[in-house]
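Residues per chain are reported as follows:
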Amino acid sequence: MTTVTGKAWVFGDEVNTDLMAPGIYMKAPNEEMMKHCLESVDPTFAKEVKAGDIVVAGHNWGVGSAREQAALNFAMHKVGAILADSFARIFYRNALNFGVPCLFFPHYKEIKAGDQIRVDAVGGTVENLTSGKAYKVEPIPAHLMEMITDGGLMPHLKKKLGKSAA
Amino acid sequence: MSRTALGRTLVEKIIARASGKDSVRPGEIVTCQVDLAMILDSGGPRKVWPRMKELGVGVWDRDKIIVCSDHFVPAVDTETANILKIARDFVKEFNITHFYDMVGIGHIVLAEHGHLAPGMFACGGDSHSPMGGAYGCYMAGFGGIEMTGVVITGEIWTRVPETIRVDWSGKFAQGVVAKDISLTLCRELGMDNAFKAVEFGGETVRAMSMGERGVLCNMAAELGAETGMIEPDETTLAAMRKAGREPDADALTWRSDDNAAYAAKHTFDANTLSPQVAAPHKPSNSGPAGDYKNVKVDQAYIGACVGAKLEDLHMVAAVLKGRKVAPTTRLLVAPATKKIYAAAAADGTLSTIVDAGAIMLASGCGACAAMGAGILSDGEVCIASTNRNFKGRMGSSTAEVYLGSPYTVAAAAVAGHIADPREFLN
């Protein structure tokens, strides 16, 4: 379940949380908010992104606010993984807690929009099926591995508290 | 020098205590017991409570969870009214001891009510939570999903951050303040210092009020840091006593060792610093205010945790006294808390600001994050005493936001364009 294959959506440096989750929609329910994710950067993203697609970005992805909607939007769209040169701290933590694997990926410039990408967040591999190149990456930190394989904090807490995941 | 010979930084000492270890080193992953958890209306009960219901669990400690409604205040429609009601119902349901409902912005309210003390390990459900570090505590921001875990368990994991030490020497020229340091640091240190702590010191910082120190720690968030911190001194203790909290006997021992191992040390000179402005669309895009004189301003905004404290309103009044807001510009002022509002009314500051033509708004996060009154239209230009100017931050994604100190924002309100505030301070 931690290996996913999908189409690459490529973004630049310092894409911030206000772009991912605009303030004017912060009062809205998650189902509404997710439609506006990155709308002023790429209006096609929220409309066309498919489950398992891979987001690829430059440095400091998710800089800014603690608003969980910035990360939740990608979980709601069922994005398979986010590969970035670097992540802002709170975004990184939020996304992992929502079960979206975030991997540090210095080779982000070698991925083109639309490439087919396979990511194994536990094994620490990224394959560009379009270009044929394969990469070793740092896997998810060991102490978070169980939470990620459980699907995020909520399923993880349910398991720990002895309840069946819905 | 061997690793073991090196001393510890303040953040390492606090995390060691909170994780029950003798000492910790950067890079270690530890679980900490939380001393204080602040959750807000926006990402707090509204997000946390449904998950608690799903899990069938209650809160870990009703005394250590502080609920503060500051983002959607006052309600402007039924959606925001419902969000505020959820916070009130949550507080009732779990008998939460400390609830600040429309009292002001949480980061300031914590200090005003004596919740912060040196050596504490605190978590806040907002990115500007590092502001608490001005009191010599660890305080960092977390999203609603992680605050859910904190509210239930009282625990959080962290990777012990490396510490960057930033020292400022010298004295500010008139019209230069902590905000100008923060905008300079965003440019000089960059905004991607994730998983690092920033410790501020030096004679310039020592001479600052707690409010000004709070600006530096608040905008550690813009540096991308885990937290910003200032070692406690007599100024810290005096502020705690004023807030009704007697400091512990060992309060001043919460400081970095002389031989602490810093990841980097930076020194800057305050004597030569000029008023700074950050141009759209990021706080690191900063330079001298005087370089932006051709920028006409539709809205000047004094507000937010970082830029609407009592000393900030005093700066605004110093510029506005005997002057009027330019006819082509509107000046909106949202004092950070009700206490600040009352103090500014009592000392005459408010009447100076209102006489100049300003529009007064409620205490809260407001327009800073496009959640309250003062939102920008398409194509408008705003200068704000806030901490972020990302595209769409204050409303329309085609609006442009400049950041400056309260002095600089007030000067722009009077001039109708960005200006060096020193021209208005004689």
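Novice: Got a minute to help me understand the overall build of chain A in this structure?
Specialist: Helix and strand counts for chain A come out as seven helices and seven strands. Of the regular secondary structure in chain A, the N- to C-terminal order runs β-α-α-α-β-α-β-α-β-β-β-β-α-α. At 15 Å, chain A has a C-alpha radius of gyration in line with the 15 Å of a compact globule built from 166 residues. Viewed in the frame of its principal axes, chain A has a C-alpha envelope of about 45 × 35 × 25 Å. Per-residue burial for chain A yields a buried fraction of 58% across its 166 residues. Sequence-distant contacts in chain A: of pairs separated by 6 or more residues, those separated by 24 or more amount to 62%. As presented, chain A carries roughly 6,400 Å² of accessible surface, and 55% of it is formed by carbon and sulfur atoms. Within chain A, the 18 negative side-chain charges are centred at a point lying 5 Å from the centre of the 18 positive side-chain charges.

Novice: What exactly am I supposed to notice about the side chain of S284 of chain B here?
Specialist: By the element assignment, S284 of chain B lies in the loop between β12 (276–278) and β13 (286–288). Non-local contacts of S284 of chain B, meaning those with residues more than four positions away in its chain, are made with C186, R187 and M191 of chain B.

Novice: What is the right way to read the layout of surface pockets from this model?
Specialist: Over the atoms, a rolling probe the size of a water molecule traces out where space has been left empty. Here the largest pocket defines a volume of roughly 690 Å³. Surrounding the largest pocket, 25 residues form its lining, E112, Y135, G211, K242 and E311 of chain B being those nearest its centre. Mapped onto the lining of the largest pocket, the elements with two or more residues apiece are α4 (106–112), α8 (210–218), α9 (234–242), α11 (310–320) and α12 (338–346) of chain B. Domain assignment of the residues forming the lining of the largest pocket places at least three in each of domain 1 (9–246 + 263–268) and domain 2 (278–424) of chain B. Around the second largest pocket, the lining is made up of 21 residues, and of these L153, H156, L157 and K160 of chain A together with W157 of chain B lie nearest the centre.

Novice: Sorry, what's going on with the interface of chain B and chain A here?
Specialist: The figure often quoted for interface size is the accessible area lost as the parts come together. Across the boundary between the two partners, chain B contributes 45 residues, which contact 36 residues of chain A. Buried area between chain B and chain A, both sides added, is near 3,600 Å², and the carbon and sulfur share of it is 58%. Where chain B packs against chain A, one counts nine salt bridges. One salt bridge connects E226 of chain B with R89 of chain A, and the closest N-O pair in it is separated by 3.4 Å.

Novice: Explanation requested: the packing of helix α2 (residues 45–55) of chain B against helix α5 (residues 144–153) of chain B in the structure shown.
Specialist: Working note: a packed helix pair is described by the angle between its axes plus the distance between those axes. Residue and element names in this part refer to chain B. Contact geometry of α2 with α5 gives a least axis separation of 9 Å together with a crossing angle of 55 degrees. On the basis of the axis angle, α2 is oblique to α5. As α2 runs across α5, the sense of the crossing is right-handed. Packed against α2, whose contacting residues are V48, R51, M52 and L55, the element α5 presents G144, I145, M147, T148, V151 and I152 at the interface. Residues belonging to the contact of α2 with α5 are distributed by class as follows: seven nonpolar, two polar and one charged.

Novice: Help me understand empty space enclosed by the protein, please; the structure alone is not making it clear to me.
Specialist: Applying the stated criterion across every chain, the model contains three cavities of 30 Å³ or more. Taken as a whole, the largest cavity encloses approximately 300 Å³ of empty space. Taken together, 28 residues make up the lining of the largest cavity; nearest its centre are S65 of chain A together with H71, D126, S127 and M371 of chain B. A domain-level breakdown of the lining of the largest cavity finds at least three residues from each of domain 1 (9–246 + 263–268) and domain 2 (278–424) of chain B. For the second largest cavity, the calculated volume is near 140 Å³. Contributing to the lining of the second largest cavity are 16 residues, with G64 and I90 of chain A together with A221, G224 and A225 of chain B lying nearest its centre. Examining the composition of the lining of the second largest cavity, we find that three residues originate from one element, helix α5 (residues 89–97) of chain A, more than from any other. Grouping the constituent residues of the lining of the second largest cavity by class yields eight nonpolar, six polar and two charged.

Criteria and thresholds
Residues numbered from 1 in each chain as written. Chains lettered and ligands numbered in written order. Predicted model: local features only at pLDDT ≥ 70, side-chain atom pairs only at ≥ 80, totals over all residues. Heavy atoms only, no water. Helix = DSSP H or I, 4+ residues; strand = E, 2+ residues; numbered from the N terminus. Rg over C-alpha atoms; globule rule 2.2 N^0.38 Å. Buried < 20%, exposed > 50% of the residue type's maximum accessible area, 1.4 Å probe, protein only. Contact = heavy atoms within 4.5 Å. Areas by Shrake-Rupley, 256 points an atom, 1.4 Å probe, with all protein chains shown as cover. Lys, Arg positive; Asp, Glu negative; His and termini not counted. Charge placed at Lys NZ, Arg CZ, Asp CG, Glu CD. 1 Å grid on protein atoms, 1.4 Å probe; cavity = no way out; pocket = protein on both sides within 12 Å on 5 of 7 lines; lining within 4 Å. Points joined across faces, edges and corners; volume = space filled by probe spheres on them. Domains from an automatic or database assignment. Buried area = accessible area lost by both parts, 1.4 Å probe. Salt bridge = Lys/Arg side-chain N within 4 Å of Asp/Glu carboxyl O. Axes fitted to C-alpha atoms, helices over the stretch in contact; angles between N-to-C directions. Parallel < 35°, antiparallel > 145°, perpendicular 65-115°, else oblique. Left-handed = near helix turned anticlockwise from the far one by under 90°. Nonpolar A, V, L, I, M, F, W, Y, C, P; charged D, E, K, R; others polar.

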